[in-house]
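Each chain, letter by letter, is given below.
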Amino acid sequence: MEQSLGTPDKVMLGIDGKWNFYPGMQFYGQFALDEFVFSEFFGQDGKGSKRNKYGIQAGFKYIDLFKISNLDLQLEFNSARPYTFQEKVDFQSYSNWRTPLTHPRGANFREMLGIIRYQPIPKLNLTLTGMYQFYGADPDAETNWGGDVLKNRLEGSPTGLFGNEIGQGIENKVVQSNLNASYMLRHNFFIDASHTFRQRTAQDLNSPETSNYLQLAFRWNFTRPDYNY
């Protein structure tokens, strides 16, 4: 985006791929590079450079786990360094309608996901999702620790060029689980029942923030939305 405004070295590079290395098993991943300085990337001039901004996704899928039909496992790791996807003005950031195009958390985070899907009978689908997330938050609108992609990457940063690490700012840890059962009563007409548990601990909380949700819904001819963050 910035390259079209006259900055010759501003190009975002990305690569994604998958490898079906064994029947029913797959590795997949993505890598996005927002800026690269060789000596700083490898720590020769200093560690934790603000200019080396990148995001990583790495995952594994196992279909028919333990040779049980319709029992599937998925494991995934996601991470983005501070200030990745930010720009000098918000309309140049990696966003659309003021929403991140990559991950709901933006940047300055890492997370692990585990998903088990099971279809014991043709009309019943069971899904269990577990998530652990570690990220750094801003204490106010003026401070920029690198997580909000809409903030100016040149303003409000408490650090210098070096010493920037994932989780900087107000440290947050989130543990979340979701159990969902979906039964198709008629063609494309479903009844969904789910339970969600979410617990957040943070440096600015005196005690963990815990939430539990029970949901019952009817769904007709559209995909069930997931909110895993």
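Being a predicted model, the structure only gives us computed values, none of them experimental.

Draft legend 1. A nonpolar patch on the surface, seen in detail. Residues Phe 36, Phe 38, Phe 41 and Phe 42 make up a contiguous nonpolar surface patch of roughly 420 Å² in combined accessible area. When its relative accessible area of 52% is taken as the criterion, Phe 42 is described as exposed.

Draft legend 2. Focus on the packing of aromatic side chains. For the coordinates displayed, the defined rule picks out 15 aromatic pairs. Ring centres of Phe 36 and Phe 38 lie 6.4 Å apart, and the angle between their planes is 80°; this geometry places the pair in the edge-to-face category. Phe 36 sits in the partly exposed class, given a relative accessible area of 42%. Over the ring of Tyr 83 we find Lys 50; its NZ or CZ atom is 5.0 Å from the centre of that ring. Cation over ring: Arg 219 sits above Phe 190, and NZ or CZ is 4.2 Å from the ring centre.

Draft legend 3. The nonpolar core, seen in detail. The biggest cluster of nonpolar side chains holds 11 residues, and these are Ala 32, Ala 80, Phe 85, Ala 107, Phe 109, Leu 113, Met 131, Tyr 135, Val 149, Leu 150 and Val 174. Mapped by element, the contributors of at least two residues to this core are strand 7 (109-121) and strand 8 (124-137). When neighbours within four sequence positions are excluded, Val 149 is seen to be in contact with Thr 84, Phe 85, Gln 86, Ser 93, Ser 95, Pro 100 and Gly 106.

Draft legend 4. Fine view of the pattern of salt bridges. The full count for this structure, using the stated rule, is seven salt bridges. Lys 53 is the partner of Glu 35 in a salt bridge, and the nearest nitrogen-oxygen pair spans 2.4 Å. Placement of the pair is Glu 35 in strand 2 (residues 25-35) and Lys 53 in strand 3 (residues 53-62), with a sequence separation of 18 residues. Residue Lys 53 is classed as buried on the basis of its relative accessible area, which comes to 2%. Between Asp 192 and Arg 219 there is a salt bridge whose closest N-O contact spans 2.8 Å. With a gap of 27 residues between them, Asp 192 in strand 10 (residues 189-202) and Arg 219 in strand 11 (residues 209-220) connect regions that are remote in the sequence. Residue Arg 219 is classed as buried on the basis of its relative accessible area of 9%.

Draft legend 5. Inspection of the side chain of Asn 164 at higher detail. Along the chain, Asn 164 turns up in the loop between strand 8 and strand 9 (170-186). With a relative accessible area of 0%, Asn 164 lands in the buried category. Within the structure, Asn 164 has its side chain in polar contact with the backbone oxygen of Leu 161 (distance 3.3 Å).

Draft legend 6. Representation of the sheet that holds strand 4 (residues 71-80). Strand order across the open sheet formed by nine strands is 1-2-3-4-7-8-9-10-11, with antiparallel pairing between neighbours. In the strand order of this sheet, the two ends are held by strand 1 (13-22) and strand 11, each with one partner. The sheet shows a mean angle of 10° between the axes of neighbouring strands, taken without regard to direction. Bridge count between strand 7 and strand 8: 11 bridges; the pairing is antiparallel. Counted as the bridge partner of Leu 113 is Met 131 from strand 8.

The rules behind each value
- Residues numbered from 1 in each chain as written.
- Predicted model: local features only at pLDDT ≥ 70, side-chain atom pairs only at ≥ 80, totals over all residues.
- Heavy atoms only, no water.
- Patch = residues over 30% accessible without salt bridge, like charges linked within 9 Å, V, L, I, M, F, W, Y side chains within 5 Å.
- Areas by Shrake-Rupley, 256 points an atom, 1.4 Å probe, with all protein chains shown as cover.
- Salt bridge = Lys/Arg side-chain N within 4 Å of Asp/Glu carboxyl O.
- Buried < 20%, exposed > 50% of the residue type's maximum accessible area, 1.4 Å probe, protein only.
- Phe/Tyr/Trp six-rings, centres within 6.5 Å; stacked < 30°, edge-to-face > 60°.
- Lys NZ or Arg CZ within 6 Å of the ring centre and 35° of its normal.
- Core = buried A, V, L, I, M, F, W, Y, C linked by side-chain atoms within 4.5 Å.
- Helix = DSSP H or I, 4+ residues; strand = E, 2+ residues; numbered from the N terminus.
- Contact = heavy atoms within 4.5 Å.
- Polar contact = N/O pair within 3.5 Å; in protein donor to acceptor, adjacent residues only side chain to side chain.
- Pairing = 2+ DSSP bridges.
- Axes fitted to C-alpha atoms, helices over the stretch in contact; angles between N-to-C directions.

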